[in-house]
Amino acid sequence: MDDDMLEDQRQLVELIENEGWDVTDLELSAYDSPWADEDDPEATVTITARKPYESEDGDDSSDDNPFRYK
């Protein structure tokens, strides 16, 4: 894998974490593009991150969402 791709991945993770997100999963795929006639590889980065938010009313007990775990 190209060192430039790995460095770009690190920079993306750093940007996301600086915004208060916690990166929970990361996938970097490097490949030769089937759409371009160039020999330069391309990369796709998939980042999964989570960020908890406080409820506006501060009390989740009034939440009537049947899908929420209590």
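Everything numeric in this text was worked out from a predicted model, so none of it was measured.

Here we look at the overall build of the chain
And then number 1: Helix and strand counts for the chain stand at one helix and two strands.
And then number 2: Start at the N end of the chain and walk to the C end: the helices and strands fall as α-β-β.
And then number 3: Counting every position in the chain, which comprises 70 residues, the buried fraction comes to 9%.
And then number 4: A fraction of 43% describes how many contacts in the chain between residues 6 or more apart in sequence connect residues 24 or more apart.
And then number 5: Taken as a whole, the chain presents about 6,300 Å² of accessible surface, with 44% of it coming from carbon and sulfur.

Focus: the pattern of salt bridges
And then number 1: Within the structure shown, the criterion is met by one salt bridge.
And then number 2: Two residues, E7 and R10, come together in a salt bridge whose shortest N-O distance is 3.3 Å. With E7 and R10 both in helix α1 (residues 3-18), this residue pair falls three residues apart, about one helical turn.
And then number 3: Under the relative-accessibility criterion, E7 is labelled partly exposed at 37%.

The rules behind the values
Residues numbered from 1 in each chain as written. Predicted model: local features only at pLDDT ≥ 70, side-chain atom pairs only at ≥ 80, totals over all residues. Heavy atoms only, no water. Helix = DSSP H or I, 4+ residues; strand = E, 2+ residues; numbered from the N terminus. Buried < 20%, exposed > 50% of the residue type's maximum accessible area, 1.4 Å probe, protein only. Contact = heavy atoms within 4.5 Å. Areas by Shrake-Rupley, 256 points an atom, 1.4 Å probe, with all protein chains shown as cover. Salt bridge = Lys/Arg side-chain N within 4 Å of Asp/Glu carboxyl O.

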